[in-house]
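The lines below spell out each chain.
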Amino acid sequence: MNETYWAWIYFLSAVIATYIWRFAAVMISNRIKSNHPIFEWVTCLSYGIIGALVANSIFFPTGILIFVPLWQRLTAITISFLGFYFLDRRLVTGIIFGETALIILLLLN
């Protein structure tokens, strides 16, 4: 058999596997309580992972962020947090404040 045939078999297998789990989730979704302790645990775990990724990006940067001094990264994340916390607590606000602060700090350097 040619390579295209096997590629289609792998692709359709992945599609079927994905839709089986989606179908199962739809069938049991009405019996799941959103305030169950397991969901609170998953939420806390997600926040912890995001915090670890942000800390990793600040203290051990990769790519072009290596060339940005630590004090500028810390200043940008502080301004981002303050903009998020004191304005409307929306993610987009924090992102805009952080990006703007980092760009201004890089331009002034």
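So, how was this worked out
Residues numbered from 1 in each chain as written. Predicted model: local features only at pLDDT ≥ 70, side-chain atom pairs only at ≥ 80, totals over all residues. Heavy atoms only, no water. Helix = DSSP H or I, 4+ residues; strand = E, 2+ residues; numbered from the N terminus. Rg over C-alpha atoms; globule rule 2.2 N^0.38 Å. Buried < 20%, exposed > 50% of the residue type's maximum accessible area, 1.4 Å probe, protein only. Contact = heavy atoms within 4.5 Å. Areas by Shrake-Rupley, 256 points an atom, 1.4 Å probe, with all protein chains shown as cover. pLDDT = per-residue confidence, 0-100. Lys, Arg positive; Asp, Glu negative; His and termini not counted. Salt bridge = Lys/Arg side-chain N within 4 Å of Asp/Glu carboxyl O. Axes fitted to C-alpha atoms, helices over the stretch in contact; angles between N-to-C directions. Nonpolar A, V, L, I, M, F, W, Y, C, P; charged D, E, K, R; others polar. Parallel < 35°, antiparallel > 145°, perpendicular 65-115°, else oblique. Left-handed = near helix turned anticlockwise from the far one by under 90°.

## Description of the overall build of the chain
A tally of regular secondary structure across the chain gives four helices and zero strands. Going from the N terminus to the C terminus, the chain shows its helices and strands as α-α-α-α. In summary, the chain has a C-alpha radius of gyration of 22 Å against a globular reference of 13 Å for 109 residues, an excess of more than 25%. Counting only C-alpha atoms and orienting by the principal axes, one finds that the chain spans roughly 60 × 45 × 20 Å. A buried classification covers 12% of the 109 residues belonging to the chain. In the chain, of all internal contacts separated by at least 6 residues, the share reaching a separation of at least 24 is 30%. Entry remark: accessible area of the chain is about 9,300 Å², with carbon and sulfur atoms responsible for 73%.

## Some details on the confidence of the model for the chain
Mean pLDDT for the chain: 91, with 99% of residues reaching 70 or above. Least confident of the elements in the chain is helix α1 (residues 3–28), whose mean pLDDT is 91; most confident is helix α3 (residues 70–86), at 95.

## Some details on the side chain of R73
Looking at the secondary structure, you find R73 in helix α3. No salt bridge is formed by the buried R73, whose closest oppositely charged neighbour, E99, lies at an N-O distance of 15 Å. Not counting residues up to four positions away in its chain, the partners in contact with R73 are S57, I58, P61, L65, I66 and V68.

## Here we look at the side chain of Q72
You can see Q72 is positioned in helix α3. Once residues within four sequence positions are removed from consideration, Q72 is found in contact with L102, L105, L106 and N109.

## As for the packing of helix α2 (residues 37–59) against α3
It is at 9 Å that the axes of α2 and α3 come closest, and there the two elements cross at 145°. Residues V54, S57, I58 and F59 of α2 touch α3, and the partners they reach there are L70, R73, L74 and I77. Among the residues forming the contact of α2 with α3, the class breakdown is six nonpolar, one polar and one charged.

## Comments concerning the packing of α3 against helix α4 (residues 91–108)
Remark: α3 packs on α4, axes separated minimally by 7 Å, with the N-to-C direction vectors making an angle of 150°. The angle between the axes of α3 and α4 places the two elements in the roughly antiparallel class. Between α3 and α4 lies a crossing whose hand is right-handed. On the side of α3, the interface is formed by W71, Q72, T75, A76, I79, S80, G83 and F84, while α4 contributes L91, T93, G94, I95, F97, G98, A101, L102, L105 and L106. Among the residues making up the contact of α3 with α4, the classes are represented as 11 nonpolar, seven polar and no charged.

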